[in-house]
Amino acid sequence: MATMREVVFVDGVRTPFGRAGEKGMYASTRADDLAVKALQGLVNRNPDLPLDRVDDVGIAATTQQGDQGLTLGRTVSILAGLPTTVPGFALDRMCAGAMTVTAMMGGAIGSGQYDLAIAGGVEHMGHHPIGLNADPNPRFVAEKLVSPDALNMGITAERLHDRFPELTKERADRFGMLSQHKVQAAYDRGDIQADLVPVAYKTSEGWGLATEDEGRRPNTTMEDLAGLKTPFRPHGRVTAGTSSPLTDGATISLLAGGDTARELGLSAKMRMVSFAFAGVEPEVMGLGPVPSTEKALKKAGLKIEDIGLFELNEAFAVQVLSFTDHFGIADDDPRVNPWGGAIAFGHPLAASGVRLMVQLARQFEQRPDVRFGVTAMCVGLGQGGTVIWENPHFNGKKGK
């Protein structure tokens with residue numbers, strides 16, 4: 001049996017994220033075209049990549065219909081100008097779609113089946129709202145397998161507050177506010193823009209060019225958040241200020257075998273160490289990253305103390321806090337989402353996993369003192385996903 005190959009994250013880019021809905025900048029842009037722009041941006045950044053050597057293109061979407069259907073990996077590959085000899089597929093694991101494609105491609109590369117693979121995701125939540133035309137099997141409710149409101153992500157977040165009273169609204173508000181502030185600080189330093197692919201879009205007022213994420217609220221204060229409504233429950237604790245907004249956007253990444261990357265002169269921004277997915281009760285789906293991270297750490301032979309950076313998807317502030325509390329990590333630990341997260345950037349469901357990776361890769365470049373990083377996220381219907389990465393720039397001098 002062949003030994004596992006080194007798997008490296010060569011590069012990753014994304015479109016700027018837009019607010020979903022009629023007033024959002026991508027309201028008249030097709031979902032598949034967002035993915036095409038991201039893929040073309042990746043190819044343009046890697047002009048020496050032999051496109052005919054790409055073994056597969058996987059693009060995830062949660063609602064696979066209309067302009068988000070028709071086997072996205074294949075259609076986007078063709079539309080982006082890749083050779084017709086390159087195959088492609090679509091995948092759905094709700095919020096962890098792109099993360100799952102990346103993990104599966106990594107497994108295929110590690111086992112020697114693939115040399116080069118492209119993995120990403122797209123979600124146009126303006127065109128395809130959560131659960132649009134979904135038809136859940138009536139057995140879920142009739143046989144009491146799942147609570148009727150388990151598909152309402154906001155209610156699952158409220159239940160985390162119920163289960164862990166120490167996760168107060170004030171803590172969640174503060175986390176949400178700081179996410180907004182950290183994202184703006186990262187923009188001010190120029191940390192985010194380098195990995196954004198500009199996208200031309202059309203509105204009733206004419207053409208525009210998307211170069212930044214649209215939904216940011218950098219001036220958010222605790223007083224602003226204290227006055228917001230709780231839409232998921234009367235007198236609840238989850239608000240728009242502590243939730244990821246509905247978002248349109250696409251992400252794409254390039255993975256390779258370590259030997260293939262060296263052969264082709266491709267950079268290695270990260271090395272894949274391990275990945276894991278796990279299930280939890282759908283009613284508290286936000287807990288999913290806890291068991292998936294524990295599994296990934298065990299597979300890697302690591303402990304949580306070995307992790308120097310965490311990129312955690314902020315579906316809701318309380319969901320991230322349930323993770324950090326479990327592992328004994330402080331709310332303001334500088335290792336956690338140092339550039340902010342989805343509360344400010346937005347969360348285009350299936351695309352978000354690769355956004356986490358793109359940011360971690362950029363942070364690795366700046367932090368040679370950090371050896372290991374985690375990308376993790378919760379998933380609808382009670383799941384979690386985690387990928388552990390190693391920093392190829394690690395100098396062994398200090399840090400984790």
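Predicted model only: the values in this text are computed from it and were never measured.

## Considering the pairing of strand E6 (residues 199-203)
Side-chain direction in a regular strand flips from residue to residue, so the side chains alternate between the two faces of the sheet.
Line of reasoning, step 1. Taken together, the five bridges between E6 and strand E7 (residues 206-210) define a ladder with antiparallel strand orientation. Counted as the bridge partner of threonine 203 is glycine 206 from E7.
Line of reasoning, step 2. The loop that links E6 with its antiparallel partner E7 comprises two residues.

## Describing the domain arrangement of the protein chain
Line of reasoning, step 1. Each assigned domain of the protein chain is listed here: domain 1 (7-128 + 245-271) and domain 2 (147-191 + 273-389).
Line of reasoning, step 2. The straight-line distance from the C-alpha centre of domain 1 to that of domain 2 is 22 Å.
Line of reasoning, step 3. For the interface between domain 1 and domain 2, the tally reads zero salt bridges.
Line of reasoning, step 4. Applying the counting rule to domain 1 against domain 2 returns six residue pairs in polar contact (both at pLDDT 80 or more).
Line of reasoning, step 5. Of all the secondary-structure elements, those providing two or more residues to the side of domain 1 that touches domain 2 are strand E1 (7-14), helix H3 (97-110), strand E5 (116-124), strand E8 (247-257) and strand E9 (270-279).
Line of reasoning, step 6. A per-element tally of the side of domain 1 that touches domain 2 places H3 first, with eight residues.
Line of reasoning, step 7. Here the residues of the side of domain 1 that touches domain 2 are counted per class, giving 19 nonpolar, 12 polar and seven charged.

## Concerning the nonpolar core
Line of reasoning, step 1. Counting residues in each nonpolar core, the largest one holds 36 residues, and the members touching the most others are Leu39, Ile59, Leu82, Ile118, Val122 and Ile252.
Line of reasoning, step 2. For this core, the leading source of residues is helix H1 (residues 31-45), giving eight residues.
Line of reasoning, step 3. Discounting chain neighbours no more than four positions away, the residues touching leucine 39 are Val76, Ser77, Ala80, Leu82, Ile118 and Ile252.
Line of reasoning, step 4. Listed in part, the 35 residues of the second largest apolar core include Leu160, Met285, Ala315 and Ala317.

## Things to note about the environment of glutamate 283
Line of reasoning, step 1. Of note, glutamate 283 is situated in the loop between E9 and helix H9 (289-300).
Line of reasoning, step 2. Once the C-alpha coordinates of glutamate 283 and glutamate 22 are considered, the two residues, 261 residues apart in sequence, prove to be 31 Å apart.
Line of reasoning, step 3. With residues up to four places along the chain from it excluded, the contact list for glutamate 283 reads Val146, Ser147, Ala150, Thr156 and Arg159.
Line of reasoning, step 4. A polar contact is formed between the side chain of glutamate 283 and the backbone nitrogen of serine 147, at a distance of 2.7 Å.

Cut-offs applied
Residues numbered from 1 in each chain as written. Predicted model: local features only at pLDDT ≥ 70, side-chain atom pairs only at ≥ 80, totals over all residues. Heavy atoms only, no water. Pairing = 2+ DSSP bridges. Helix = DSSP H or I, 4+ residues; strand = E, 2+ residues; numbered from the N terminus. Domains from an automatic or database assignment. Salt bridge = Lys/Arg side-chain N within 4 Å of Asp/Glu carboxyl O. Polar contact = N/O pair within 3.5 Å; in protein donor to acceptor, adjacent residues only side chain to side chain. Nonpolar A, V, L, I, M, F, W, Y, C, P; charged D, E, K, R; others polar. Core = buried A, V, L, I, M, F, W, Y, C linked by side-chain atoms within 4.5 Å. Buried < 20%, exposed > 50% of the residue type's maximum accessible area, 1.4 Å probe, protein only. Contact = heavy atoms within 4.5 Å.

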